[in-house]
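# Structure at a glance
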Amino acid sequence: MTSGMTWELLVERADLLSSCGHTMQAIEELRVHPEAGEPEGTAYLSDLLVSVGQLDEAIALVEPSFRQGENIDVMARLILRQGRVEEGTSLLCRAEPLGRLSSGLSDCLDEP
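What comes next concerns the included structure. (Residues numbered from 1 in each chain as written. Predicted model: local features only at pLDDT ≥ 70, side-chain atom pairs only at ≥ 80, totals over all residues. Heavy atoms only, no water.)

## Overview of the overall build of the protein chain
Within the protein chain one finds 7 helices and 0 strands. From first element to last, N terminus to C terminus, the protein chain shows the α and β order α-α-α-α-α-α-α. Going through the 112 residues of the protein chain one by one, you find that 40% of them count as buried. Considering only contacts in the protein chain between residues 6 or more positions apart, those separated by 24 or more positions represent 37%. Carbon and sulfur atoms form 53% of the exposed surface of the protein chain, whose accessible area is close to 6700 Å². (Helix = DSSP H or I, 4+ residues; strand = E, 2+ residues; numbered from the N terminus. Buried < 20%, exposed > 50% of the residue type's maximum accessible area, 1.4 Å probe, protein only. Contact = heavy atoms within 4.5 Å. Areas by Shrake-Rupley, 256 points an atom, 1.4 Å probe, with all protein chains shown as cover.)

Shown next as structure tokens:
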């Protein structure tokens, strides 16, 4: 059913599935799309995995793009969720000078 869908359309479908309580189905459908392995795709998938309590799986998913210098802020957020505050904060500091913070994290850091 989802073959041939663009990533954007599949994300819209995943949002609908997730809002209806079918997040695992959304994850399964997204994983097979070619863009799921791209930094934006892994970031989106990691959010869905965290929403169903699969933090370790989310970290494993983001790890390859993180090792290539992408998704630094995503990895930092996941590590912070694990309670590893010093390591997560260090990653955020590493990501900020590179301009690789998502707008939400960047705004949060700018507040007094």
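More follows now that the structure is in view.
## What to know about the packing of helix 1 (residues 7-19) against helix 2 (residues 23-31)
Here helix 1 crosses helix 2 at 165°, and the two axes come no closer than 7 Å. As summarised for this structure, helix 1 and helix 2 are arranged roughly antiparallel, according to the angle between their axes. Considering how the two elements wind past one another, helix 1 and helix 2 form a crossing that is right-handed. Here helix 1 contributes Trp7, Leu10, Val11, Arg13, Ala14, Leu17 and Ser18 to the contact with helix 2, which in turn contributes Thr23, Gln25, Ala26, Glu29 and Leu30. Here the contact of helix 1 with helix 2 is composed, by residue class, of 7 nonpolar, 3 polar and 2 charged. (Axes fitted to C-alpha atoms, helices over the stretch in contact; angles between N-to-C directions. Parallel < 35°, antiparallel > 145°, perpendicular 65-115°, else oblique. Left-handed = near helix turned anticlockwise from the far one by under 90°. Nonpolar A, V, L, I, M, F, W, Y, C, P; charged D, E, K, R; others polar.)

## Concerning unusual backbone geometry
In this structure, Asn71 is a non-glycine residue whose phi angle is positive, near 55°. Looking at the element boundaries, Asn71 is found in the loop between helix 4 (55-67) and helix 5 (72-81). For Asn71, a relative accessible area of 10% puts it in the buried group.

## Some remarks on the side chain of Thr42
One can find Thr42 in helix 3 (residues 39-51). The contacts of Thr42, once residues within four sequence positions are left out, are Ala36, Gly37, Leu61, Val62, Ser65 and Asn71.

## Digging into the pattern of salt bridges
Close approach of charged atoms allows side chains of opposite charge to pair. Scanning the entire structure with this criterion turns up 5 salt bridges. Across the pair Asp47 and Arg77 runs a salt bridge whose closest N-O atoms are separated by 2.4 Å. With a gap of 30 residues between them, Asp47 in helix 3 and Arg77 in helix 5 connect regions that are remote in the sequence. Judged by relative accessible area, which is 25%, Arg77 ranks as partly exposed. In this structure, Glu87 engages Arg84 in a salt bridge whose closest nitrogen and oxygen atoms are separated by 2.8 Å. (Salt bridge = Lys/Arg side-chain N within 4 Å of Asp/Glu carboxyl O.)

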